[in-house]
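Spelled out from the first residue to the last, the chains are:
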Amino acid sequence: MALAGIAAGFLIRKSIAERKIGNAEELAKKIVEDANKEAETRKKEVLLEAKEEIHKMRLESERENRERRLEVQKQEKRLLQKEESIDKKADALERREEAYNKRLKELEKKEILIDELYDKQVKELERLSGLTSDEAKELLLNDIRKEVAHESALLIKEAEIRVKEESEKKAREIISCAIQKCAADHVAESTVTVVSLPNDEMKGRIIGREGRNIRTLETLTGIDLIIDDTPEAVVLSGFDPIRREVARIALEKLIVDGRIHPARIEEMVERAKKEVEKSIIEEGEQAAFEAGIHGLHGELIKLLGRLKYRSSYGQNVLRHSIEVAHLAGVMAAELGADVRVAKRAGLLHDIGKAVDHEIEGPHVDIGVELARRYKESKEVIHCIAAHHGDTEPKTVEAVLVQAADAISAARPGARRETLEAYIKRLEKLEEIADSFDGIEKSFAIQAGRELRIMVKPDELDDNEIVLVAREIVKKIESELDYPGQIKVNVIRETRAIEYAK
C-alpha cells in the first residue's frame, strides 16, 4: 500500500514537472520570437537613420565643395589681377631703367668733362700761384695745423682755468665744512702762574727763616717764586709749564696745610708731582678718546698729556692737536682718504713738542723718532715728518694733516702775539719789501699773513718780478719769526693815461 502511494506521488510530481517544462519552453519560444521581431524593427530603424545621416553628409559635402569652388574662383581672379599689376610694374621698371641708363651715360660724359675742366683749372692755378698741387696742400695743412693748435691751446687753457676754479671751490667747501664741524677754545699762553694767598703774612712764612723755605721750594721744583708788593699773591715764573704746575699745586697744599718747613715742602712737592703725572695720563687718554684714536702706546699717551702744559704763540698744543685730528679726519672723509691714518697723524703731529725742551733738535724730527720708537705705522710717521713741509708729502693724508695744521694755527684767535710784537712784525715785513730796488709800494695785509707789493713797471719786467718775489721770501724766512705762512704777492701794472681836450 505504501509503495503504491509513493509511486502515485512520483507520477504526479513527474507530470507536474513535465507540464512546467512545457510551459517554460513555450514561454522561451515566445520571448525569442518577440526578441527577433524587436531586433528586426530596430534594424529597420537603424538602417533608416543611417540612410538619413548619409543623405545629410552628402548634402553638407556638396555645400562645402560649392563654397571651395567659389573661393578658388575668387583667388584665381585675384591672382590674375596681381599678375596684371606685376606686368604693369615690370613695364614701368623697364622704362625707368632705360631712363636711368640714359641719365648715367649723360653723367659719365659730364664727369669726363668736369675732370678735364678740373685739370685745366688746377694747371691754371699752379701757373698763377707758382705752386704745385702738393705744395698748395701742404700750405693749407700747415695753416690748418696752426689754427687747430691755437684752438686746442685755448681749449686747454679754458679747461685748466675751469678745473682750477672747480678744485679751489671744492677745496674751500671741504675746508669750510671741516672748520664748521670743529670748534676749539682760545687759550692764552703764559709763562707765569699767580697763586693767591689768604693774607700778606703768609708771604713771610713762605720765605721762611733766612729764606730757607723759598729756596727749598725753588730747588725742588726748578721754578722762581717772585714775592713782591702785589697784595695777597705770589708769582711762579718758569719756562716749563709742568714744573710750574707742580710748584702751584705744592704751594697751594702748603698754604692750606699751614705747616711750611723744608721737610713738609719736600713731601708736598712729591705729592704734587704724582698728581701732575696722574693728570698727564688722564689728559692723554681723554685726548685720544676725544679724537677717536685707539691702541696708542702708553708712553705716547703720557706725551700727549704733557702737551696740555705746552703752548705755542698762545695756543694750547694739546687742544691744537685734537683740533688738527678732527679737521684732518673730516677732510679725509670728504675726499675718501684713510680717516683713521689722518686722525691718528693729526693727533700725534706735534708730539715732539712734549720733550723738545729736553732733547736737541726740531720738534718734527723728535716726533718722527718718538713715533718710530713706539711702533707707529709708516703712513703716520710720514705725515708727522711732512706736516711742516720739511719732507715732501707723498700721501693724501700727509697733505690733509699739513692743511689741518695750517687751518688750526691760522684761524682767528687761535694764536696771539703782543700788540707791540705784532706791529713790529708788520713794519719789518714792509721794510724788507721796500729794501729791494724797483719796489714802488708795499702793504702788509690780512694780519701780516700777506705782503702785497707794487713794483715800478718801467724798472722790472714780468720775468724779474718772479725773482724779486723769491728773494723777498728768502729774506723774510731768514730774518723773521712768525706763525703759519706769509703770502708774498708781487704786482706789476702798466697804465696808459691820456686826456681828451
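Going by the structure above, here's the rest.
Residues numbered from 1 in each chain as written. Predicted model: local features only at pLDDT ≥ 70, side-chain atom pairs only at ≥ 80, totals over all residues. Heavy atoms only, no water.

Caption draft 1: Molecular detail of the overall build of the protein. Each helix and strand counted, the protein has 14 helices and eight strands in total. In the protein, which comprises 501 residues, the proportion classed as buried is 29%. Within the protein, counting contacts between residues at least 6 apart in sequence, those at least 24 apart form 61% of the total. Element-wise, carbon and sulfur atoms account for 54% of the exposed surface of the protein, whose accessible area totals about 34,600 Å². (Helix = DSSP H or I, 4+ residues; strand = E, 2+ residues; numbered from the N terminus. Buried < 20%, exposed > 50% of the residue type's maximum accessible area, 1.4 Å probe, protein only. Contact = heavy atoms within 4.5 Å. Areas by Shrake-Rupley, 256 points an atom, 1.4 Å probe, with all protein chains shown as cover.)

Caption draft 2: The pattern of salt bridges, seen in detail. Within this structure, the stated rule accounts for 22 salt bridges. Close ionic contact of Asp-462 with Arg-492 constitutes a salt bridge, the shortest N to O distance being 3.1 Å. One end of the pair, Asp-462, is in helix 14 (residues 462-479); the other, Arg-492, is in strand 8 (residues 487-492), and 30 residues separate them in sequence. Since its relative accessible area comes to 29%, Arg-492 is described here as partly exposed. (Salt bridge = Lys/Arg side-chain N within 4 Å of Asp/Glu carboxyl O.)

Caption draft 3: Inspection of a nonpolar patch on the surface at higher detail. Judged by side-chain polarity, Leu-140, Leu-141, Ile-144 and Val-148 come together as a nonpolar surface patch covering roughly 370 Å² of accessible area. Along the polypeptide, Leu-141 turns up in helix 2 (residues 133-181). Look at Leu-141 and you get partly exposed, because its relative accessible area is 39%. (Patch = residues over 30% accessible without salt bridge, like charges linked within 9 Å, V, L, I, M, F, W, Y side chains within 5 Å.)

Caption draft 4: Quick look at a negative patch on the surface. A contiguous patch of negative charge, built from Glu-83, Glu-84, Asp-87, Asp-91, Glu-94, Glu-97 and Glu-98, is present on the exposed surface. Among the secondary structure elements, Glu-97 is positioned in helix 1 (residues 2-129). (Lys, Arg positive; Asp, Glu negative; His and termini not counted. Charge placed at Lys NZ, Arg CZ, Asp CG, Glu CD.)

Caption draft 5: Summary view of helix 9 (residues 339-348). Of all ten residues that make up helix 9, seven are buried, and the element is covered over most of its length. Listed as buried for helix 9 are Val-341, Ala-342, Arg-344, Ala-345, Gly-346, Leu-347 and Leu-348. Of the residues flanking the start of helix 9, the one acting as N-cap is Asp-338, its side-chain oxygen 3.1 Å from the backbone nitrogen of Arg-340. (Polar contact = N/O pair within 3.5 Å; in protein donor to acceptor, adjacent residues only side chain to side chain.)

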